[in-house]
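Observations on the model geometry
Here is what each chain is made of, one letter per residue.
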Amino acid sequence: MNSHPDTSTSLPAGEPPSVPLRRLLDRLPGLSPEILAALGEIARAVDYRDGALIMEEGELSDDLYLITSGGVDIFRASHGGRAEQQVAVLGEGEMLGEMALIDGAPRSLSARAKGDSRLLRICPGDLERLDDGKHLLTEFKAGLAAAVVGRMRGLTDRHVATLERQLEAAREQQQFGKFFLYTMTLMAIGLVTNNLLLTHRVDITPNSMEFAWIFAVILVLPSIGIVRMMHIPLQQLGLTTKGMRRSLIEGGAISLVAVLITVGLVKTGVLPGKEGNPLDPLPVLAYLFHSFLQELFGRGFFQSALQRFLDDRRGFRSVVFTSILFGLFHIHFGLPAVAVIGVGGLLFGAFYLRHHNLAGVTVLHFWIGVCFFNSGVL
């Protein structure tokens with residue numbers, strides 16, 4: 001049964017099969033040369049004006065079409081108050097109507113011309129009327145069926161890939177919710193701690209080691225909880241041997257330069273310095289571990305998570321935001337300390353971004369902190 005053409009013309013006698021027919025056979029490997037000749041004999045050129053209906057959902061027709069120019073909109077017609085739904089747009093060289101040719105079922109979708117279009121129509125009845133037509137039609141259907149199966153496999157793979165992306169996006173959204181909750185918790189802890197210090201409700205000096213450890217513990221506990229909830233692997237937190245050697249060498253080199261500069265500024269009187277031994281073993285080991293905890297959750301977790309959720313490929317925005325937040329968490333030392341620690345955070349963040357390893361940035365953090373505390377800056 002023919003559909004809704006404006007005009008229909010045969011190919012000129014003796015003219016070889018068109019390029020679209022050759023393209024069709026390229027997609028249907030294993031077909032004999034007789035099929036190509038037979039299709040060239042029965043194919044009809046059909047012209048459609050823009051918007052003209054080519055086939056209608058539910059109609060009984062089994063013609064196959066090849067688009068030689070223009071395009072075709074494939075759509076599901078409106079039913080029961082539902083709006084029309086576009087399914088696909090086909091272009092030059094593509095075919096439509098193959099499912100009905102294979103199984104003889106009614107059309108499952110409608111099609112109309114997208115712009116003035118010319119299609120080649122292949123009627124299976126015309127093919128069957130040729131010499132040995134039943135064999136030719138069977139061979140042609142088999143080739144079409146194989147092509148449809150291959151196309152459906154490709155569509156299935158793409159559909160599965162789309163579902164996987166949607167699931168990953170849902171997981172990322174869930175992870176971001178946990179990360180946001182974590183951030184709000186840390187901000188609340190910081191506000192409460194600073195309020196207690198400002199109102200003198202606790203008898204602890206902000207510069208004391210006792211306060212540093214208490215503050216570290218109350219920050220680390222929710223951090224450990226959120227890391228477990230988000231199932232973050234240790235490597236993603238920078239706890240890895242990958243890049244460790246280079247990280248340690250560069251961190252040690254920068255630290256040495258910082259120490260030499262600090263010693264020189266103190267000896268020349270530019271910085272006031274502090275009395276006492278800056279390298280007493282117990283405070284040194286304590287501060288080294290303290291530096292590790294700060295970098296583990298400041299850079300290894302917070303900065304890395306922020307970079308992922310912001311889709312910050314270069315990482316610069318994540319470094320800046322983490323540094324600002326890191327500085328504000330030390331507001332109990334005063335605004336100058338916030339500025340100094342914020343700038344230090346930029347250095348640590350950029351260093352971690354370079355190596356993604358906690359070893360070197362922990363060493364750097366430790367020695368920069370030692371320099372600041374023993375120079376009288378903090």
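Everything in this summary refers to the structure shown in the same document. (Residues numbered from 1 in each chain as written. Predicted model: local features only at pLDDT ≥ 70, side-chain atom pairs only at ≥ 80, totals over all residues. Heavy atoms only, no water.)

A look at helix α7 (residues 244-267)
- Here α7 spans 34 Å end to end across 24 residues, near enough to the 34 Å set by a 1.5 Å rise per residue.
- All of the buried residues along α7 are S247, G251, S255, A258 and T262.
- Within two residues after α7, G269 carries a phi angle of roughly 85 degrees, on the positive side. (Helix = DSSP H or I, 4+ residues; strand = E, 2+ residues; numbered from the N terminus. Expected span 1.5 Å × (residues − 1). Buried < 20%, exposed > 50% of the residue type's maximum accessible area, 1.4 Å probe, protein only.)

Points about the packing of helix α9 (residues 316-328) against helix α10 (residues 335-355)
- Contact geometry of α9 with α10 gives a least axis separation of 8 Å together with a crossing angle of 145 degrees. For α9 against α10, the interelement crossing comes out right-handed. Taken together, the residues of α10 that come into contact with α9 (itself represented by F316, V319, V320, S323, F326, G327 and L328) are V338, I341, G342, G345, L346, G349, A350 and L353. (Axes fitted to C-alpha atoms, helices over the stretch in contact; angles between N-to-C directions. Left-handed = near helix turned anticlockwise from the far one by under 90°. Contact = heavy atoms within 4.5 Å.)

Observations regarding the packing of aromatic side chains
- Counting across every chain of the model gives 4 aromatic pairs.
- Relative to F366, the ring of Y287 has its centre 5.7 Å away and its plane inclined at 40 degrees; by these criteria the two rings are tilted. Within this pair, whereas Y287 is found in helix α8 (residues 281-309), its partner F366 is found in helix α11 (residues 358-375), the two being separated by 79 residues in sequence. The pair formed by Y287 and F366 is uniform in burial state, with each residue classed as buried.
- Through a chain of ring-to-ring contacts, the aromatic side chains of Y287, F366 and W367 assemble into a single cluster.
- Positioned above the aromatic ring of F326 is the side chain of R299, whose terminal nitrogen or guanidinium carbon lies 4.9 Å from the ring centre. (Phe/Tyr/Trp six-rings, centres within 6.5 Å; stacked < 30°, edge-to-face > 60°. Lys NZ or Arg CZ within 6 Å of the ring centre and 35° of its normal.)

As for a nonpolar patch on the surface
- Together, V320, I324, L328, I331, L335 and L346 make up an exposed nonpolar region whose accessible area comes to about 530 Å².
- Of all the secondary-structure elements, those providing two or more residues to the nonpolar patch are α9 and α10.
- Broken down by element, the residue count for the nonpolar patch peaks at 3 residues, all from α9.
- Inspection of the secondary structure puts V320 in helix α9.
- Judged by its relative accessible area of 41%, V320 is partly exposed. (Patch = residues over 30% accessible without salt bridge, like charges linked within 9 Å, V, L, I, M, F, W, Y side chains within 5 Å. Areas by Shrake-Rupley, 256 points an atom, 1.4 Å probe, with all protein chains shown as cover. Salt bridge = Lys/Arg side-chain N within 4 Å of Asp/Glu carboxyl O.)

A closer look at the nonpolar core
- Counting 30 residues, the largest nonpolar core has F179, Y182, V227, M230, F297, F301 and F302 as the members making the most contacts within it.
- Elements represented by at least two residues in this core include exactly α5 (133-198), α6 (209-229), α8, α10 and α11.
- Residue contributions to this core peak at 8 residues, all from α8.
- With residues near it in sequence (within four places) discarded, Y182 still touches P222, S223, I226, F297, F301 and F302.
- Grouped together as the second largest cluster of nonpolar side chains are 19 residues, L28, I42, M95 and L137 included. (Core = buried A, V, L, I, M, F, W, Y, C linked by side-chain atoms within 4.5 Å.)

Notes on unusual backbone geometry
- A positive phi angle, near 60 degrees, is found at D132, a position not held by glycine.
- Within the secondary structure, D132 sits in the loop between α4 (124-128) and α5.
- Exposure remark for D132: the relative accessible area of 53% places this residue in the exposed category.
- A positive phi is found at D311, a non-glycine position, where the angle reads about 55 degrees.
- Its place among the elements puts D311 in the loop between α8 and α9.

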